[in-house]
Amino acid sequence: MAAAFTALRVLLGLFFLLTGVVKLSDQLSADLHRHMKLQFVRFAEVFPLKEFGFVPEPGRYLEVVGWVEVVAGLLLAFGPQLLQEISNFVLSVIMIGAIYTLLVLREPLAMCTPATLCLGLLLLLNIRGHAAPTKPKFE
(Lines give C-alpha, C1' and ligand atoms only; values in the text may rest on other atoms or scores of the structure.)
Protein backbone atom coordinates (compact mmCIF):
# COMPACT_ATOMS: atom_id res chain seq x y z
CA MET A 1 0.00 0.00 0.00
CA ALA A 2 2.94 2.32 0.67
CA ALA A 3 3.95 2.08 -2.99
CA ALA A 4 0.49 3.24 -4.07
CA PHE A 5 0.69 6.31 -1.82
CA THR A 6 4.21 7.04 -3.03
CA ALA A 7 3.03 6.85 -6.65
CA LEU A 8 0.05 9.08 -5.85
CA ARG A 9 2.31 11.62 -4.11
CA VAL A 10 4.76 11.73 -7.02
CA LEU A 11 2.01 11.97 -9.67
CA LEU A 12 0.16 14.66 -7.76
CA GLY A 13 3.39 16.60 -7.26
CA LEU A 14 4.18 16.38 -10.97
CA PHE A 15 0.61 17.48 -11.78
CA PHE A 16 1.06 20.62 -9.66
CA LEU A 17 4.47 21.20 -11.23
CA LEU A 18 2.86 21.03 -14.68
CA THR A 19 -0.04 23.35 -13.79
CA GLY A 20 2.42 25.81 -12.28
CA VAL A 21 4.57 25.81 -15.41
CA VAL A 22 1.48 26.46 -17.56
CA LYS A 23 0.72 29.51 -15.40
CA LEU A 24 4.28 30.81 -15.73
CA SER A 25 5.01 30.20 -19.39
CA ASP A 26 3.28 29.88 -22.72
CA GLN A 27 5.83 27.29 -23.93
CA LEU A 28 3.65 24.24 -23.17
CA SER A 29 0.34 25.69 -24.33
CA ALA A 30 -0.06 29.27 -25.46
CA ASP A 31 -3.87 28.99 -25.49
CA LEU A 32 -4.06 27.61 -21.96
CA HIS A 33 -1.61 30.23 -20.67
CA ARG A 34 -3.66 33.00 -22.28
CA HIS A 35 -6.85 31.53 -20.78
CA MET A 36 -5.23 31.43 -17.32
CA LYS A 37 -4.21 35.09 -17.64
CA LEU A 38 -7.81 36.04 -18.41
CA GLN A 39 -9.15 33.90 -15.56
CA PHE A 40 -6.80 35.46 -13.02
CA VAL A 41 -8.20 38.90 -13.86
CA ARG A 42 -11.55 37.56 -12.60
CA PHE A 43 -9.94 35.71 -9.70
CA ALA A 44 -8.19 38.87 -8.46
CA GLU A 45 -11.57 40.63 -8.22
CA VAL A 46 -12.79 38.14 -5.58
CA PHE A 47 -9.48 37.54 -3.81
CA PRO A 48 -10.27 36.41 -0.23
CA LEU A 49 -8.08 39.09 1.39
CA LYS A 50 -9.83 41.85 -0.54
CA GLU A 51 -11.91 42.55 2.60
CA PHE A 52 -8.68 43.58 4.32
CA GLY A 53 -7.66 45.94 1.53
CA PHE A 54 -5.27 43.61 -0.30
CA VAL A 55 -6.13 43.29 -3.98
CA PRO A 56 -3.42 41.56 -6.02
CA GLU A 57 -2.49 42.63 -9.52
CA PRO A 58 -3.76 39.76 -11.74
CA GLY A 59 -0.44 39.13 -13.52
CA ARG A 60 1.49 39.02 -10.25
CA TYR A 61 -1.21 36.81 -8.70
CA LEU A 62 -0.84 34.35 -11.60
CA GLU A 63 2.97 34.32 -11.19
CA VAL A 64 2.87 33.79 -7.44
CA VAL A 65 0.38 30.92 -7.68
CA GLY A 66 2.40 29.42 -10.54
CA TRP A 67 5.69 29.53 -8.63
CA VAL A 68 4.10 28.17 -5.47
CA GLU A 69 2.65 25.27 -7.46
CA VAL A 70 6.00 24.56 -9.14
CA VAL A 71 8.04 24.59 -5.93
CA ALA A 72 5.44 22.83 -3.77
CA GLY A 73 4.81 20.26 -6.51
CA LEU A 74 8.51 19.44 -6.73
CA LEU A 75 8.80 19.17 -2.95
CA LEU A 76 5.67 17.03 -2.72
CA ALA A 77 7.02 14.66 -5.35
CA PHE A 78 10.68 14.47 -4.42
CA GLY A 79 11.35 16.31 -1.16
CA PRO A 80 12.08 14.90 2.29
CA GLN A 81 9.06 14.00 4.42
CA LEU A 82 8.94 17.28 6.37
CA LEU A 83 8.96 19.34 3.17
CA GLN A 84 6.39 16.99 1.62
CA GLU A 85 4.08 17.70 4.55
CA ILE A 86 4.63 21.45 4.32
CA SER A 87 4.05 21.47 0.56
CA ASN A 88 0.93 19.33 1.05
CA PHE A 89 -0.43 21.97 3.44
CA VAL A 90 0.47 24.85 1.10
CA LEU A 91 -1.14 23.14 -1.90
CA SER A 92 -4.22 22.33 0.19
CA VAL A 93 -4.59 26.03 1.04
CA ILE A 94 -4.26 26.90 -2.66
CA MET A 95 -6.96 24.37 -3.56
CA ILE A 96 -9.27 25.71 -0.84
CA GLY A 97 -8.69 29.20 -2.26
CA ALA A 98 -9.43 27.96 -5.77
CA ILE A 99 -12.69 26.35 -4.67
CA TYR A 100 -13.67 29.49 -2.75
CA THR A 101 -12.92 31.68 -5.76
CA LEU A 102 -14.92 29.53 -8.16
CA LEU A 103 -17.90 29.41 -5.80
CA VAL A 104 -17.86 33.19 -5.25
CA LEU A 105 -17.76 33.70 -9.03
CA ARG A 106 -20.79 31.37 -9.25
CA GLU A 107 -19.07 29.04 -11.67
CA PRO A 108 -20.82 25.72 -12.34
CA LEU A 109 -19.99 23.07 -9.77
CA ALA A 110 -18.27 21.05 -12.49
CA MET A 111 -15.60 23.79 -12.60
CA CYS A 112 -14.81 23.05 -8.94
CA THR A 113 -14.26 19.34 -9.61
CA PRO A 114 -10.51 19.43 -10.41
CA ALA A 115 -9.66 21.55 -7.36
CA THR A 116 -11.93 19.45 -5.14
CA LEU A 117 -10.38 16.21 -6.40
CA CYS A 118 -6.85 17.56 -5.86
CA LEU A 119 -7.78 18.73 -2.36
CA GLY A 120 -9.24 15.31 -1.55
CA LEU A 121 -6.09 13.54 -2.77
CA LEU A 122 -3.87 15.92 -0.80
CA LEU A 123 -5.90 15.28 2.34
CA LEU A 124 -5.74 11.53 1.71
CA LEU A 125 -1.95 11.76 1.45
CA ASN A 126 -1.86 13.82 4.62
CA ILE A 127 -3.94 11.30 6.56
CA ARG A 128 -2.76 7.97 5.16
CA GLY A 129 0.25 8.66 2.98
CA HIS A 130 3.02 8.10 5.51
CA ALA A 131 4.51 4.87 6.67
CA ALA A 132 3.19 3.56 9.97
CA PRO A 133 5.65 3.91 12.83
CA THR A 134 7.45 0.70 13.61
CA LYS A 135 6.78 -1.01 16.94
CA PRO A 136 9.73 -1.66 19.21
CA LYS A 137 10.85 -5.30 19.32
CA PHE A 138 10.91 -5.54 23.11
CA GLU A 139 7.10 -5.39 23.57
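Each remark here, short or long, concerns the structure printed above.
These numbers come from a predicted model, not from an experiment.

A. Representation of a nonpolar patch on the surface. Side chains of Leu82, Leu83, Ile86, Phe89, Val90 and Val93 sit close together on the surface and give an oily, nonpolar patch of about 540 Å² of accessible area. One can find leucine 82 in helix H4 (residues 81-104). Its relative accessible area of 58% is what places leucine 82 among the exposed residues.

B. Summary view of the packing of helix H2 (residues 30-45) against helix H3 (residues 58-78). Axis separation between H2 and H3 bottoms out at 8 Å; the angle between their running directions is 115 degrees. Of the possible angle classes, the one that applies to H2 and H3 is roughly perpendicular. Crossing hand, H2 versus H3: right-handed. The residues of H3 that touch H2, namely those facing His33, Met36, Lys37, Phe40, Val41, Phe43 and Ala44, are Pro58, Tyr61, Leu62 and Val65. Within the contact of H2 with H3, the residues separate by chemical class into 9 nonpolar, 1 polar and 1 charged.

C. Main features of the nonpolar core. Within the largest apolar cluster, 14 residues are counted, with the highest numbers of intra-cluster contacts made by Leu12, Phe16, Leu76, Leu91, Met95, Cys118 and Leu122. Top element by residues in this core is helix H5 (residues 109-128). It accounts for 5 residues. Filtering out sequence-adjacent residues up to four positions away, leucine 91 remains in contact with Phe16, Glu69, Ala72, Gly73, Leu76 and Leu122. With 12 residues, the next largest nonpolar core counts Val46, Tyr61, Leu62 and Leu105 among its residues.

Rules used in this analysis
Residues numbered from 1 in each chain as written. Predicted model: local features only at pLDDT ≥ 70, side-chain atom pairs only at ≥ 80, totals over all residues. Heavy atoms only, no water. Patch = residues over 30% accessible without salt bridge, like charges linked within 9 Å, V, L, I, M, F, W, Y side chains within 5 Å. Areas by Shrake-Rupley, 256 points an atom, 1.4 Å probe, with all protein chains shown as cover. Salt bridge = Lys/Arg side-chain N within 4 Å of Asp/Glu carboxyl O. Helix = DSSP H or I, 4+ residues; strand = E, 2+ residues; numbered from the N terminus. Buried < 20%, exposed > 50% of the residue type's maximum accessible area, 1.4 Å probe, protein only. Axes fitted to C-alpha atoms, helices over the stretch in contact; angles between N-to-C directions. Parallel < 35°, antiparallel > 145°, perpendicular 65-115°, else oblique. Left-handed = near helix turned anticlockwise from the far one by under 90°. Contact = heavy atoms within 4.5 Å. Nonpolar A, V, L, I, M, F, W, Y, C, P; charged D, E, K, R; others polar. Core = buried A, V, L, I, M, F, W, Y, C linked by side-chain atoms within 4.5 Å.

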